Amino acid sequence: MHRLLQRQISRFLNDQGAMPEGLSEFLAAVGDAYESADADRLLIERSLDLMSKELTERNAELRKELAERRHAEAQLEKLLSLLGTTLESTADGILALDKEGRIVRFNQRLVEMWHMPDETLAFWRHAPLVQHLLGQVTNPDAFMENLNYLCLHPEAECYDTFDYIDGRVIERYSLPQPLGVDNVGRVISFRDITARKQAEEALQREKEEQKALIKKLEEAHNQLLQSEKMASIGQLAAGVAHEINNPIGYINSNFNTLGEYVEKLFRVTDAYERTEPALAGESLLDEVRSLKQEADWEYLKQDIRELLRESGEGIGRVKQIVQDLKDFSHVDQVEWQWVDLHKGIDSTLNIVNNEIKYNAEVIKEYGVIPQVECLASQLNQVFMNMLVNASHAIGDGGRGRITIRTGAEDEMVWVEFTDTGKGIPPENLKRIFDPFFTTKPVGKGTGLGLSLSYGIIEKHQGRIEVESEVGKGTTFRLRLPASQGLPETL
Ligand SMILES: Nc1ncnc2c1ncn2[C@@H]1O[C@H](COP(=O)(O)OP(=O)(O)OP(=O)(O)O)[C@@H](O)[C@H]1O
Ligand SMILES: [Mg+2]
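Remember, predicted model here, so these are calculated numbers, not experimental data.

This part covers the sheet that holds strand β4 (residues 169-179). Pairing within the open sheet is antiparallel, and its five strands lie in the order β2-β1-β5-β4-β3. Pairing within the sheet leaves two strands with one partner each, and these edge strands are β2 (103-106) and β3 (158-163). Neighbour to neighbour, the strand axes of the sheet diverge by 20 degrees on average, direction disregarded. Pairing geometry for β3 and β4, over six bridges, is antiparallel.

Where a strand is regular, its side chains alternate between the two sheet faces. Most of strand β12 (residues 473-481) is tucked away, with nine of its nine residues classed as buried. A two-sided burial pattern is seen for β12, the buried positions comprising Gly473, Thr475, Arg477, Arg479 and Pro481 on one face and Thr474, Phe476, Leu478 and Leu480 on the other. Sheet topology places strand β10 (residues 412-419) next to β12; eight bridges connect them, and they run antiparallel. Considered in β12, the bridge of Phe417 is made with Phe476. For strand β11 (residues 463-469) and β12, the ladder comprises seven bridges, and the chain directions are antiparallel. Note that in β12 the partner of Glu467 across the bridge is Thr475. Between the end of β11 and the start of β12, which pair antiparallel, lie three residues, with Gly471 showing a positive phi angle near 90 degrees.

Bringing the coordination of the magnesium ion (ligand 2) into the picture now. With distances of 2.3 to 2.4 Å, the protein atoms coordinating the magnesium ion (ligand 2) are Asn385 (OD1) and Asn389 (OD1). With Asn385 and Asn389 both in helix α11 (residues 376-394) and four residues apart, the pair spans about one turn of that helix. A relative accessible area of 15% places Asn385 in the buried class.

Parameters and conventions
- Residues numbered from 1 in each chain as written.
- Chains lettered and ligands numbered in written order.
- Predicted model: local features only at pLDDT ≥ 70, side-chain atom pairs only at ≥ 80, totals over all residues.
- Heavy atoms only, no water.
- Pairing = 2+ DSSP bridges.
- Helix = DSSP H or I, 4+ residues; strand = E, 2+ residues; numbered from the N terminus.
- Axes fitted to C-alpha atoms, helices over the stretch in contact; angles between N-to-C directions.
- Buried < 20%, exposed > 50% of the residue type's maximum accessible area, 1.4 Å probe, protein only.
- Donors = N, O, S within 2.8 Å, 3.2 Å for Na, K, Ca; no water.

Here it is in structure tokens:
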């Protein structure tokens, strides 16, 4: 361009014929300078182009970054809104603390749960807040201890429960808030578990009630088994008694006749003996005498009477046992009936005599009592247990006393069994009527005797009283109404 200008200037001046001296050098120099400037301009222009391109690219990048950032911010905002809503919509009270234990965030549920007053809320300072919390829990020391522990152990997780003074039960769960490798704070959630606890307690109570019910059922079942056992023993006894009753009846009757015959025979032989002097010198008499001598006739006569007396006694005892078994079992008399209790006690005594005769002397101090309306076989079971217990309390090898007293007061009849046994320690006294309570070795006692007796006496509208002194002895007193007042039995 500048060369073209230079050439045009030169051509114009040459055409004018007035090309001044040195002008062409000047023009050449100007041309050079112009050229060099042009080259610079080109260079600048090129670098400007380059810069503008870079700027455009950078601008595009910035726009992209900006768009990304806006997107990220929108996402973050969304996330924060989600977290905020989550925080508010949870049923738990949430408290977020920073590393230094300062409150960063909490939700409305927490405010309600802790009954936060406005003035505490206005500041959200640690000390007044903690003070407020401590005033609401039943065990502030434990609560504080937990807070201190969490401050000292930022990495610790913690779970516990505590009680509010208003009766609520709160579950507390705390987790550290990690950011990268650091913990930047912690979040504590509080959950009201009062209803759950109450439900659990109700369930527990229900379970215990069920357990008690099952135990009662088992006891009732066992009592039933025991009374069935007693009833079948009674039946067996009655069966045996019945079977023996007939043969012993005719043995007794024959035996009495036999005794009478023997006496008659003796009267005959006595009469023969009286004829002996008249037969003196007769060889037959010698034979009779030697036979009598051989047989030890005098002793024989005496022993036959003795044998008959003893056997008579034996038969009498068998008859008594049979009668006792019948009285004891009363199997054919399951109805309420009017009985003489003394008879029941006596027949029971005969039955358990074997058990008690070795260690106890039985003293009867019977008073005057009216007949009692009762289930006789069941009362006999009670008497039997009283007597056996008394004998066991005296123990093997010992020699003690069992005194049976009876009496009546107003409309009540009482029967007392006093023993000189080892007595019952006070701590056992309230348990002796419990089913299966026994202090006896396995096999000797089931622990059902007194609980059954209690049930039987209760059924008779009576009661059992007990007095005992360790080392001295025990008295069981049964009190029974003479009448049950049952119209059909009157
Ligand atoms: N007269 C008594 N003297 C001392 N302790 C007694 C007496 N009577 C009962 N007891 C105590 O009461 C407990 C319960 O008596 P209970 O008659 O119910 O059962 P048991 O005699 O042990 O067994 P079971 O009668 O079923 O054979 C006895 O184990 C004993 O410790
Ligand atoms: Mg017993």
